[in-house]
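# Descriptive analysis of the structure
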Amino acid sequence: MFNFSAGPAALPLPVLERARAELTDWNGSGLSVMEVSHRGKAFTALAEAAEARLRALLSIPSHYRVLFMQGGATAQFAAVPLNLTAPGAKTEYLNTGVWSAKAIEEAGRLGVAVRLAADEAASRYTRVPDRQSLRFDADAAYVHYTPNETIGGVEFPYVPDTGSVPLVADMSSTILSRPIEVGRFGLIYAGAQKNIGPAGLCLVIVHEALLGGARADVPSVLDYTRLAAHGSMLNTPPTFAWYVAGLVFEWIEAEGGLAVMAARNRAKADLLYGAIDASGLYRNPVERTCRSWMNVPFMLAPAELEATFLREAAAEGLTHLEGHRSVGGLRASLYNAVPLEAVEALVGFMREFERRHG
Ligand SMILES: *Cc1c(COP(=O)(O)O)cnc(C)c1O
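One numbering rule holds for all chains: residues counted from 1, following each sequence as written. The predicted origin of the model limits local features to residues at a pLDDT of at least 70 and limits the giving and counting of side-chain atom pairs to 80 or more, whereas totals for whole chains, interfaces and linings rest on all residues. Calculated side-chain values reflect all of the structure's heavy atoms, with hydrogen atoms and water omitted.

It is worth spelling out the site of the ligand at this point. Around the ligand, the structure places 13 residues, and the nearest of them are T74, T150, D170, Q193 and K194. One nitrogen or oxygen atom from the side chain of Q193 is found 2.9 Å from an oxygen atom belonging to the ligand. Definition of a polar contact: a pair of N or O atoms within 3.5 Å, with one able to donate and the other able to accept a hydrogen when the atoms are protein atoms, and with sequence-neighbouring residues admitted only if both atoms are side-chain atoms. Contact distances for the ligand include 2.7 Å between an oxygen atom and a side-chain N or O atom of K194. The protein chains hide 86% of the 390 Å² of surface that the ligand would expose on its own. Considering only residue class, the shell around the ligand consists of three nonpolar, eight polar and two charged. The criterion for a residue being near a molecule or strand is simple. One of its heavy atoms has to lie within 4 Å of it. We get accessible surface area from the Shrake-Rupley algorithm with a probe of 1.4 Å; when it comes to residues, only the shown protein chains can shield them. In this classification, the charged set is Asp, Glu, Lys and Arg, the nonpolar set is Ala, Val, Leu, Ile, Met, Phe, Trp, Tyr, Cys and Pro, and all remaining amino acids, among them Gly, are polar.

What follows deals with the nonpolar core. Generally speaking, a soluble globular protein has its nonpolar side chains buried in company with each other. In terms of nonpolar packing, the biggest core is built from 57 residues, with L58, I175, L176, I196, I205 and F249 touching the most fellow members. In terms of residue count, the dominant contributor to this core is helix α6 (residues 239–255) (ten residues). Composition of this core by domain shows at least three residues from each of domain 1 (2–8 + 257–357) and domain 2 (22–255). I205 has contacts with L58, I60, Y64, R65, V66, I175, V182, G186, L187 and I188, leaving out every residue within four places of it along the chain. Here, the term nonpolar core denotes a set of buried Ala, Val, Leu, Ile, Met, Phe, Trp, Tyr and Cys residues that are joined through side-chain atoms within 4.5 Å. Each residue gets one of three labels from its accessible area relative to the maximum for its type: buried under 20%, exposed over 50%, partly exposed in between, using a 1.4 Å probe on protein chains only. Counting 35 residues, the second largest nonpolar core, distinct from the first, contains F4, M294, L305 and Y335. Think of it this way: any DSSP run of H or I at least four residues long counts as a helix, any run of E at least two long counts as a strand, and we number them from the N terminus. Boundaries between domains were set according to an automatic or database domain assignment. The contact criterion used throughout is that any non-hydrogen atoms of two residues lie within 4.5 Å.

This paragraph deals with the pattern of salt bridges. Each reported salt bridge corresponds to a side-chain nitrogen of Lys or Arg within 4 Å of a carboxyl oxygen of Asp or Glu. Across all of its chains, the model carries 18 salt bridges by this definition. As a salt-bridge pair, R215 and D217 come within 3.1 Å of each other at their nearest N and O atoms. Put simply, R18, E22, R53, E250 and E253 are held in one network by salt bridges that share partners.

On to the domain arrangement of the protein chain. As far as domains go, the protein chain holds domain 1 (2–8 + 257–357) and domain 2 (22–255). Here the C-alpha centroids of domain 1 and domain 2 sit 27 Å apart. At the interface, 30 residues of domain 1 touch 28 residues of domain 2. Here the quantity called buried area is the total loss of accessible area, with a 1.4 Å probe, experienced by two parts when brought into contact, counted for both. With both sides pooled, the region where domain 1 packs onto domain 2 buries about 2,300 Å², and carbon together with sulfur makes up 59% of that total. For E255, the salt bridge identified is with R264, shortest N-O distance 2.7 Å. On the surface where domain 1 and domain 2 come into contact, there are 13 residue pairs in polar contact (both at pLDDT 80 or more). Contributing elements (two or more residues each) for the side of domain 1 that touches domain 2: α7 (258–277) and β12 (295–300). Tallying contributions element by element places α7 first for the side of domain 1 that touches domain 2, with eight residues. When its residues are assigned to classes, the side of domain 1 that touches domain 2 shows 17 nonpolar, nine polar and four charged.

In structure tokens, the structure reads:
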């Protein structure tokens, strides 16, 4: 099967095979990794090794803390304002799609003052703001944006320059797809189920200077400062997800690291967009300069053909190609674990489908 799911998404086959092989006897213990104490020596070593691998892959500077949290990226929509605002603080958000809109809504629910530094709703989320058009209030507590909008398939081709204001990025669907410069960000968060591992885990990479200023009413499990002080083990972490994430980091390392991932991801995206642009049946609505490498939405004209497309694709082993329920259409997600041969198979099927139905 070739799995184009947007999330929970495909995992590398060698990772699944290793997890299967170790399922009932992890580390020579005669037990599953799911059955041992998170505070025991063996699991603590696993947790530290996973963090060390992630730090090496992303070249995370030592003055950043890495947290392994729960509640998905959605919990971070609340955790960010709860941790980074003092009473009366102002925040700035870039609205570029469904996920940034949800982050904005959650900040509003918590009574935080939000200014939209950009709003692409009028473009129907088919582009990102021009780099030069962005102006930020130097007094803002932070600027929040979504580098890759998973549903709209829109991606920033640049990192916004916010001066001295900390930049917060929801990288759920783009982290580990290529090298990034962590030092440009105050805080990065990413739900695991796209490019990291199983659902249930959310990574947070936070500059030390942003710790210690949380609102008094922040729940303990969302308090970055307390989590950092307790090695992300204030309570029981999702141990199996942490273990699989560690295996994924090891796999990326063995494949050659993030530069190799970037080259592969670029090639996969180029192949699929090229096929869409060359066809008279398929269409991608996103402005070319901000098309996502990870999530490629496309429509068929006439739209009635989409159900037939999905049915026939599934029969060929090409699955999870339906668009998000909020926007419809089709979507192929091309995360690290999706091999080039999957995209070749998809493009071959699309040409064949067009020949028969176009
Ligand atoms: C998937 C996704 C989310 C939501 O993640 P949950 O883990 O379901 O909370 C948020 N932001 C982006 C960019 C996503 O891709």
